[in-house]
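Listed here are the chains, written in short residue letters.
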Number of protein chains: 2
Amino acid sequence: MIPIPLPHYIFPSPRHFIPPPGHFTPFPCSFSPLFSPHPPHSSPHPPPIYPLPPPLHLYPPANIFMPPLPAPPRPVQKAELVRLSQTLLHVRALHWVVVEDAPAPTALVGGLLAASGVPFTHLHAPTPPEIRRRPGDPPWLRPRGVEQRNRALQWLRDTRPPGEAAVVYFADDDNTYSLRLFEEMRSTRGVSVWPVGLVGGLRFERPLVAGGRVVGFHTAWKPERPFPLDMAGFAVALPLLRARPAARFDPAAERGYLESSLLGGLVTPAQLEPKADNCTQVLVWHTRTEKPKLRQEEQLQRQGRGSDPRIEV
Amino acid sequence: MIPIPLPHYIFPSPRHFIPPPGHFTPFPCSFSPLFSPHPPHSSPHPPPIYPLPPPLHLYPPANIFMPPLPAPPRPVQKAELVRLSQTLLHVRALHWVVVEDAPAPTALVGGLLAASGVPFTHLHAPTPPEIRRRPGDPPWLRPRGVEQRNRALQWLRDTRPPGEAAVVYFADDDNTYSLRLFEEMRSTRGVSVWPVGLVGGLRFERPLVAGGRVVGFHTAWKPERPFPLDMAGFAVALPLLRARPAARFDPAAERGYLESSLLGGLVTPAQLEPKADNCTQVLVWHTRTEKPKLRQEEQLQRQGRGSDPRIEV
């Protein structure tokens, strides 16, 4: 297997793009060179000619946007965001888009983001009451974070500069991310994929690769899904999201089909770009944080001796 | 409250130490200036005179040693260590001592440490079979990590340079650490303490402080313990550990008394040094990672279709 190299040039904005000779255009959109069906190493692109030096935020090749899961008030929320922010603080050219599941941004999350040192945008999008998970509902009954991820997609399409060669990744509060994962996803041209550890009841799920292309999926759960991938297992190029303005997460998607509802509007499975040594390296783990038991807290609070509520946890 | 300042000088090695006038020596040891019962701000120390420039690893003021919990082979082990290493990679002058609960160091942990970028020492100390937790034992039956933490103490006392003004902190694989915590603990002269979030059934446990001193503890569980503190809630100056060579964790300690078994050999509760704004800031959280369910993996393995065992998770 010849590994796919990181792109050695910057995609110009569509106004200035001149397709190199023999370039294949599978998608009817102005960003087609991003989605060449040929492995990148087989068609070397000449360095583009810029009328002006490219804006600095396009170099290194991709900014990474990470809208994490929404942030309902849970006891571990701050701890999880602190830990995630420490990971993200190592990643160059990353912009963190945090969308809270709240009627307004909260001071806890805003203060944490401001103190984190990570460039960020703080948005909010409350989940409509009719699809909000109720106490006692099993966690799989309603997909979480749909409204918030779609808000992030809207923000990206509405506010980012048109030519920006960024990559969008949907992070989660308590997953574990290797720093190498972010370098792998930087070269995403359309939709890139890789294994995810400790997910779906397996040691890992992963796309199966032959000849540099995705030919199937190792998964035990609903393998008939068009894209049997976890949210942590793919990234999308921002130009592709712009070229497919209707693509979004479907709040009515059946369980397990949320990822497919977005990806089906973007690519076919054969167009997925394998990363992480042809999907043989686990660089992200679907870790879950235990819900802490606060029984003693409730007892003390009934006696008026609870932990000082002015101290933030 | 007057905050305790970071020490602005480096403790000389005992050979060269000249006590400043009026210095109080409560402990019969050569490092007594570290354990002044006066709050540090009340007795300004003059900068010491060095016969030679101090070795670089003594400046910034304290190296921090962190022996985390032992590392029995669990599915989330690598993910937890990757995440912890990303936190530690932000901390200056830190040396990570990892003690595996294994008859020999494993390649998984060794490779991860080597790739982490964090200065480290990789040790091992198997838990004796007679005190090893058996499958089905409740998690609280036997204290975990005793043998490994004592191995780290031995390594520190045996191999570090005698005059080293380092601080020792016992980290855990899945706790969450604010980066500010490490700066707080750097000024530890004897044993420093601070709140721990989401522990003991409470939003937080914390030492109660009046007049710059610890006067009690907010805890709901066994408050009669001499030091009702979680392992994540204190750090110890290495010179104090050297001055008290018998102090160690007691493998036979009753449940909840493991921390007290070490600390009781080092200080009295009144000598604890409060950090984190007089113990009013939660800078560490006792987060726990859920044990992943691998039922589908077991099913597939019975069919000979398990996840590729050559891929490390």
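Residues numbered from 1 in each chain as written. Chains lettered and ligands numbered in written order. Predicted model: local features only at pLDDT ≥ 70, side-chain atom pairs only at ≥ 80, totals over all residues. Heavy atoms only, no water.

### Remarks on the relation of the copies chain A and chain B
Note on the copies: chain A fits chain B at an RMSD of 0.0 Å, the axial shift is 0.0 Å, and the rotation between them is 180°. Such a combination of turn and shift is consistent with a two-fold rotation axis. Of all interface residues in chain A, 100% are interface residues in chain B too; the two copies therefore contact each other through one and the same surface. (Least-squares fit on C-alpha atoms with pLDDT ≥ 70 in both. Contact = heavy atoms within 4.5 Å.)

### So, the interface of chain A and chain B
Across the boundary between the two partners, chain A contributes 48 residues, which contact 48 residues of chain B. When the two sides are added together, the surface that chain A and chain B hide from each other amounts to roughly 4200 Å², 64% of it contributed by carbon and sulfur. There are 27 residue pairs in polar contact (both at pLDDT 80 or more) connecting chain A and chain B. Element by element, the count of residues in the side of chain A that touches chain B is highest for helix α1 (residues 77-88) of chain A, at six residues. Class assignment for the residues of the side of chain A that touches chain B results in 19 nonpolar, 16 polar and 13 charged. (Buried area = accessible area lost by both parts, 1.4 Å probe. Polar contact = N/O pair within 3.5 Å; in protein donor to acceptor, adjacent residues only side chain to side chain. Helix = DSSP H or I, 4+ residues; strand = E, 2+ residues; numbered from the N terminus. Nonpolar A, V, L, I, M, F, W, Y, C, P; charged D, E, K, R; others polar.)

### Observations regarding unusual backbone geometry
Even without glycine at this site, L198 of chain A takes up a positive phi of about 60°. Of note, L198 of chain A is situated in the loop between β7 (196-197) and β8 (204-210).

### Points about the pattern of salt bridges
By the definition in use, this model includes 24 salt bridges over all chains. Between K222 of chain B and E254 of chain B there is a salt bridge; the shortest N-O distance is 3.6 Å. One end of the pair, K222 of chain B, is in the loop between β9 (213-218) and β10 (234-237); the other, E254 of chain B, is in the loop between α5 (238-243) and α6 (258-263), with 32 residues separating them in the sequence. Residue class for E254 of chain B comes out exposed when judged on its relative accessible area of 53%. Here the salt bridges share partners, and the residues they tie into one network are R74, E80 and D173 of chain A. (Salt bridge = Lys/Arg side-chain N within 4 Å of Asp/Glu carboxyl O. Buried < 20%, exposed > 50% of the residue type's maximum accessible area, 1.4 Å probe, protein only.)

### Concerning the UniProt feature "glycosylation site" (unreviewed entry) in chain A
The feature "glycosylation site" (unreviewed entry), as annotated in UniProt, sits at N278 of chain A in this numbering. Topologically, N278 of chain A is positioned in helix α7 (residues 276-279). (UniProt positions renumbered as here; feature names shortened; annotations may be inferred.)

### Focus: the packing of aromatic side chains
Taken as a whole, this structure holds 10 aromatic pairs over all chains when the rule is applied. Ring centres of F170 of chain B and F249 of chain B lie 5.0 Å apart, and the angle between their planes is 85°; this geometry places the pair in the edge-to-face category. With F170 of chain B in the loop between β4 (167-169) and β5 (176-177) and F249 of chain B in the loop between α5 and α6, this pair connects stretches of sequence that are 79 residues apart. Comparing F170 of chain B with F249 of chain B, the two get one shared label, buried. Through successive ring pairs, a cluster of aromatic residues spans Y169, Y177, F182 and W194 of chain A. Residue placement shows R149 of chain A over the ring face of F249 of chain A; its charged tip is 5.9 Å from the ring centre. (Phe/Tyr/Trp six-rings, centres within 6.5 Å; stacked < 30°, edge-to-face > 60°. Lys NZ or Arg CZ within 6 Å of the ring centre and 35° of its normal.)

### Focus on the pairing of strand β9 (residues 213-218) of chain A
Residues and elements named next belong to chain A. Bridge analysis of β8 against β9 gives five bridges, and the strand direction is antiparallel. If you follow L208 over to β9, its bridge partner there is G216. The turn linking β8 back onto β9 is made up of two residues, and G211 within it adopts a positive phi angle of 60°. (Pairing = 2+ DSSP bridges.)

### Overview of the pairing of strand β2 (residues 94-100) of chain B
Residue and element names in this part refer to chain B. Counting buried positions over the seven residues of β2 gives seven, a clear majority of the element. The pairing of β2 with strand β3 (residues 120-124) spans five bridges and is parallel. Directly across from V98, in β3, lies its bridge partner H122. Following the backbone out of β2, through helix α2 (residues 107-116) and into the adjacent parallel β3, one traces a crossover that is right-handed. (Right-handed = clockwise from strand over helix to strand, strands pointing away.)

### A closer look at the UniProt feature "binding site: Mn(2+)" (unreviewed entry) in chain A
UniProt marks D174 of chain A with the feature "binding site: Mn(2+)" (unreviewed entry), using the numbering shown here. With respect to the element layout, D174 of chain A can be found in the loop between β4 (167-169) and β5 (176-177). Ignoring anything within four residues of it in the chain, the contact list for D174 of chain A reads E80, T287, R288 and T289 of chain A together with R83 of chain B.

### Side note on the packing of helix α1 (residues 77-88) of chain B against α2 of chain B
Between two packed helices, both the angle of their axes relative to each other and the distance between the axes serve to describe the pair. Residues and elements named next belong to chain B. It is at 10 Å that the axes of α1 and α2 come closest, and there the two elements cross at 20°. As judged from the angle between their axes, α1 and α2 are roughly parallel. α1 and α2 meet at a crossing whose hand is right-handed. Each of Q77, K78, L81, V82 and S85 in α1 lies in contact with α2, whose residues at this interface are L108, V109, L112 and S116. Taken together, the residues that form the contact of α1 with α2 break down as five nonpolar, three polar and one charged. (Axes fitted to C-alpha atoms, helices over the stretch in contact; angles between N-to-C directions. Parallel < 35°, antiparallel > 145°, perpendicular 65-115°, else oblique. Left-handed = near helix turned anticlockwise from the far one by under 90°.)

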